[in-house]
Structure formats: structure tokens, C-alpha cells
Amino acid sequence: MKPVVLAAATAWLALSGASAPDRATVTRVNPMTVQDDDFARHRDPAEWRGLAVSRIEFREERAQWRLWRIVNTRHRTGPLFFVPHDNENAGFEAALVLVRKYGGTLVAVDSGVAPDADGVRMNRAVDYGKPIDPNRNFDSALPGYARRILANLHGGPVIALHTNAKGFETADSKCNKGDPEGSGVISIRFCDDTLIPSPSQRRDYPFDDDDTVAFATFLSKGTASDAFCRDQMVGADYNVVQERVLTSDGSLSNYAVLHHLAYLNFETLDRGLDPAELALARDRLLYMAEHAIAMCAPQVKPIR
């Protein structure tokens, strides 16, 4: 059975223990003065009209965390837009557009909680051990992290926005091993037992780019069609990576399907911080997110 947004929210609340006291420090902030690279790109007051910004800080196990929560106060009901990595700048750009347009909440992880680490991928504010990947920390043994990120499920799906490096590590792939060597596994040309590609046939924008993909996550005991919005995205000729989940790898995509949350995940190539290139990456994410919202979350409407 496909996840249903409201039922999913109820199920998650029961599973997460979300009624437990929240020991996080929550501080309302002025986005025009926040010393952060993402906010520094947005110093026009008009961009923040109708948005309330809070800094959330908490400690769990060996790590200190800082999140930014941006709520559309004129329309609090809507999707939860999530940007897990502080170096995924186009993800933040797209999420800020989306939360203004559709309402709901934007949550972004800030690696700047560690000194001199603003804008990096990992959380380095740890007492010991390696830095933590914010998208590998959705663990039932660490319930506070997921609870604080997913605290604003109000009438829309969870939508994660990512950027990635070009290509893929061919040694790890079971197909297209003759491609130029790239980085990671985020490409419509990568495949293994977990990631099963369904490539666009027409290769229309934005799917003319192998690194621009949507993820559709399903449980191994089911079929790819069980994934939220999978059939609609394949029918709309998206590049769709079908992710088969047996046990969690700590990512939000795995956590979401295991907790029956309506979840969408969009990726595109990281084009750097040049404003024109940043806008190109942002617009590819916006295309995927907005068309998927229209197809799969018809209750979510643009704010008039």
C-alpha cells in the first residue's frame, strides 16, 4: 500500500515518541543578520516576508547539531522541505523558493555548528570519532535527531533536495562500467542490487542530464510501484532511481519508507557557487519537485 501523508504523520508520531520533552534550544532569529553562507545569499527583506526562522540546537550522543527551521507563517500546512547537507547550496535555493510558494516548513542542517565548518557536507561537531553524515543519522537508536527534523509534518510529503558529484564510481556499478569514472552512486546510469534505474526515454529537460534524478524508495518485500509517486514519475518520463530497502542505511529515504512516510527525493549535479550556475541547478530541482507535487500531492496548492 502506498504511503498516505496524514496517516504517515500519525504513524511516525507513534513510532518516534514525538510527545517526549524536547530539550533542544530553539531561538527565533532575524534571517537578515544570520551569519551563514546560505542566508548571506539572501539579504533582500522581500525574500523573507511571511517566513519565520528559528535556530534549533541540541546534543545527541556524541554530536552537537544545529538546524534552521523556516516556516511559512501565512500557510503553515504544506510539505516539509529538507536540505540535509550544508554544501548542497542549490538544494537550499530551491527549498526557499518552494516554502514561499507552497507553504509548510524548510529544515536545513547547518554544519557551521563546528568552528570554521560552515558550508561543508559533514557535521564535524563531534566529541570523538569521525564526522557524521547528516543523511546517515536517521537511526532508531538516536530518536531525537529524526524527531526534531520531522516535527513539522502538516499536510504534505517530505521532500529532500540534494546535489551530487558528476558521474558515478564504475567499480561499484553492475551496469555501464565502461563510463568515465565519477564519484558516488547518484546517476541514472548506476545500478546494483539496491539502486535500480528507470531512465527517461525522451531525455527532455531536466532529464537530459544523467545526474538529475528522482528517488522512489520501496520495501524489498514489495515492488517498485509501491514507492510513493514512483508510477507517476515514471509515467512523466523522469529519471527515476528505484531504491530497494531491506534494512536502513541511516538515510531519510530509508527511514521514510520504513516508517510509512510520503517521501520524495530529488538530486541534481552540483554546479558550484557562481550565481548563474547555482540558478541552473536550483531550477532543475524546482522542475522535479513542482511537477511531482502536482502529480502526487494534489492537496498541496501554490499559495495565492
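Residues numbered from 1 in each chain as written. Predicted model: local features only at pLDDT ≥ 70, side-chain atom pairs only at ≥ 80, totals over all residues. Heavy atoms only, no water.

A. Region of interest: the packing of aromatic side chains. Scanning the model with the defined rule gives 11 aromatic pairs in all. Between Phe39 and Trp68, the ring centres sit 5.0 Å apart and the planes meet at 65°, which makes this aromatic pair edge-to-face. Placement of Phe39 in helix α2 (residues 37-40) and of Trp68 in strand β3 (residues 63-72) is noted, with a sequence separation of 29 residues between them. The class for Phe39 is buried, based on a relative accessible area of 0%. (Phe/Tyr/Trp six-rings, centres within 6.5 Å; stacked < 30°, edge-to-face > 60°. Helix = DSSP H or I, 4+ residues; strand = E, 2+ residues; numbered from the N terminus. Buried < 20%, exposed > 50% of the residue type's maximum accessible area, 1.4 Å probe, protein only.)

B. Quick look at helix α3 (residues 89-102). With 14 residues, α3 ought to run about 20 Å at 1.5 Å a step, and its terminal C-alpha atoms sit 20 Å apart, in line with that. Burial within α3 is extensive, with 11 of its 14 residues counted as buried. Listed as buried for α3 are Asn89, Ala90, Gly91, Phe92, Glu93, Ala94, Ala95, Leu96, Leu98, Val99 and Tyr102. Backbone geometry just downstream of α3 places Gly103 in the positive-phi region, at approximately 80°. (Expected span 1.5 Å × (residues − 1).)

C. Just the nonpolar core, in detail. Counting 47 residues, the largest nonpolar core has Ile70, Met233, Tyr238 and Phe266 as its most contacted members. No other element matches the 9 residues that helix α7 (residues 275-296) contributes to this core. Among residues more than four places away in sequence, those in contact with Ile70 are Phe39, Trp48, Leu51, Ala52, Val53, Phe92, Leu96, Val99, Gly104, Thr105 and Leu106. With 25 residues, the next largest nonpolar core counts Ala63, Trp65, Ala146 and Leu150 among its residues. (Core = buried A, V, L, I, M, F, W, Y, C linked by side-chain atoms within 4.5 Å. Contact = heavy atoms within 4.5 Å.)

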